[in-house]
Amino acid sequence: GQQVMQIPQYQHVQEGEDFTTYCNSSTTLSNIQWYKQRPGGHPVFLIQLVKSGEVKKQKRLTFQFGEAKKNSSLHITATQTTDVGTYFCAGLGLYNDYKLSFGAGTTVTVRA
Amino acid sequence: EADIYQTPRYLVIGTGKKITLECSQTMGHDKMYWYQQDPGMELHLIHYSYGVNSTEKGDLSSESTVSRIRTEHFPLTLESARPSHTSQYLCASSAEPGSPLHFGNGTRLTVT
């Protein structure tokens, strides 16, 4: 079945630095979504990418969908303490309309 | 902000008890889902529903059951709770297949 892998599992970042988290699928995806879960909270939708090679920005966050639609990345610039949390990618397979496959998440901690 | 509600927020219960976790949404979404998540871990889909009177088991085997008698309501029931059921249960809904998920605040279940 479809598998979505995320790396790294943990990211410890100095405040002000940049970092990138990666998401890779074993199969071609129809779309990919990114969610953020704050400690003790629930996942909150951030963005959806649909087109091959698509790049979207939300302030300091840049999301990219690979040309082959099998991988994605989230890049955060000038990390702030508000960026703390776990970032999940979730892929929708081409032939699996209703079920997203979630990655294991990247848990981000920030050193002030 | 998404209008999806889960109750109770926290539940501590003894082994063998029957419990029902409530989930309601006011967005008129046909698609609803239950995910199980241990602290700091990935989300596992345990049940989903396409619409009224339609329920399916998810990727992770679960002893729980669900029902979908009304569009807005998707309760999850455990007939006999066990310590292995201790986890967070997240309910979600979406408007269309593959569209972003709106999560509730979750129910943190502890079975003693």
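The shown structure was predicted, so the numbers you read here are calculated from the model rather than taken from an experiment.

**Q** Would you mind showing me how to read the overall build of chain B here?
**A** Broken down by element type, chain B carries zero helices and 11 strands. Listing every helix and strand of chain B by position from the N terminus yields β-β-β-β-β-β-β-β-β-β-β. The C-alpha radius of gyration computed for chain B amounts to 13 Å, which stays within 12% of the reference 13 Å derived for 112 residues, consistent with globular compactness. The buried share of chain B, taken over its 112 residues, is 48%. Partitioning the intrachain contacts of chain B with sequence separation of at least 6 by distance along the chain shows that 53% fall at a separation of at least 24. Surface summary for chain B: the accessible area is close to 5,200 Å², and the carbon and sulfur share equals 50%. Considering chain B, the positive charge centre built from 9 side chains and the negative charge centre built from 12 side chains are found 8 Å apart.

**Q** Would you explain the state of the cysteines in this entry?
**A** In a disulfide, the sulfur atoms of two cysteines are held together by a covalent bond. Considering all chains together, one arrives at two disulfides over all chains under this definition. Two residues, Cys 23 of chain A and Cys 89 of chain A, share a disulfide whose sulfurs are 2.0 Å apart. Of note, the bridge from Cys 23 of chain A to Cys 89 of chain A carries an S-S torsion of about 80° and is right-handed in sense. A residue pair is termed long-range when its members are at least 10 positions apart, and Cys 23 of chain A in strand 3 (residues 19–25) and Cys 89 of chain A in strand 9 (residues 85–93) qualify at 66 residues. Note on cysteine connectivity: Cys 23 of chain B is disulfide-linked to Cys 91 of chain B, with sulfurs 1.9 Å apart. Judged by the sign of its S-S torsion, about -75°, the cystine formed by Cys 23 of chain B and Cys 91 of chain B is left-handed. Here Cys 23 of chain B is found in strand 3 (residues 19–25), whereas its partner Cys 91 of chain B is found in strand 9 (residues 87–94), with 68 residues between them in sequence. The pair Cys 23 of chain B / Cys 91 of chain B is uniform in exposure class, with both members buried.

**Q** Before we go on, may I ask you to explain the interface of chain A and chain B in this structure?
**A** Opposite the 19 residues of chain A that make contact, chain B presents 23 residues. Across the chain A to chain B interface the summed buried area is about 1,800 Å²; carbon plus sulfur atoms make up 57%. Here chain A and chain B share zero salt bridges between them. Inspection of the region where chain A meets chain B yields seven residue pairs in polar contact (both at pLDDT 80 or more). Those elements that place two or more of their residues in the side of chain A that touches chain B are strand 4 (29–37), strand 5 (44–49), strand 9 and strand 10 (100–102) of chain A. When residues in the side of chain A that touches chain B are grouped by element, the largest group, four residues, is from strand 4 of chain A. Looking at the side of chain A that touches chain B residue by residue, the class counts come to nine nonpolar, eight polar and two charged.

**Q** It is not clear to me how the environment of Ala 90 of chain A should be interpreted in this structure. Could you clarify?
**A** Residue and element names in this part refer to chain A. Among the secondary structure elements, Ala 90 is positioned in strand 9. Distance from Ala 90 to Ser 25, taken between C-alpha atoms, is 9.4 Å for residues 65 residues apart in sequence. The residues contacting Ala 90, other than those within four sequence positions of it, are Asn 31, Ile 32, Gln 33, Tyr 35, Leu 100, Ser 101 and Phe 102.

**Q** What should I look at first to understand unusual backbone geometry in this one?
**A** Residues other than glycine predominantly adopt negative phi, and peptide bonds predominantly adopt the trans conformation. Residues and elements named next belong to chain A. For the peptide bond that leads from Ile 7 to Pro 8, omega is -5°, which places it in the cis range. Inspection of the secondary structure assignment puts Pro 8 in the loop between strand 1 (4–7) and strand 2 (10–14). Residues other than glycine seldom take positive phi values, yet Ala 78 does so here, at roughly 50°. Along the polypeptide, Ala 78 turns up in the loop between strand 8 (71–76) and strand 9.

The rules behind these values
Residues numbered from 1 in each chain as written. Chains lettered and ligands numbered in written order. Predicted model: local features only at pLDDT ≥ 70, side-chain atom pairs only at ≥ 80, totals over all residues. Heavy atoms only, no water. Helix = DSSP H or I, 4+ residues; strand = E, 2+ residues; numbered from the N terminus. Rg over C-alpha atoms; globule rule 2.2 N^0.38 Å. Buried < 20%, exposed > 50% of the residue type's maximum accessible area, 1.4 Å probe, protein only. Contact = heavy atoms within 4.5 Å. Areas by Shrake-Rupley, 256 points an atom, 1.4 Å probe, with all protein chains shown as cover. Lys, Arg positive; Asp, Glu negative; His and termini not counted. Charge placed at Lys NZ, Arg CZ, Asp CG, Glu CD. Disulfide = S-S within 2.5 Å. Buried area = accessible area lost by both parts, 1.4 Å probe. Salt bridge = Lys/Arg side-chain N within 4 Å of Asp/Glu carboxyl O. Polar contact = N/O pair within 3.5 Å; in protein donor to acceptor, adjacent residues only side chain to side chain. Nonpolar A, V, L, I, M, F, W, Y, C, P; charged D, E, K, R; others polar.

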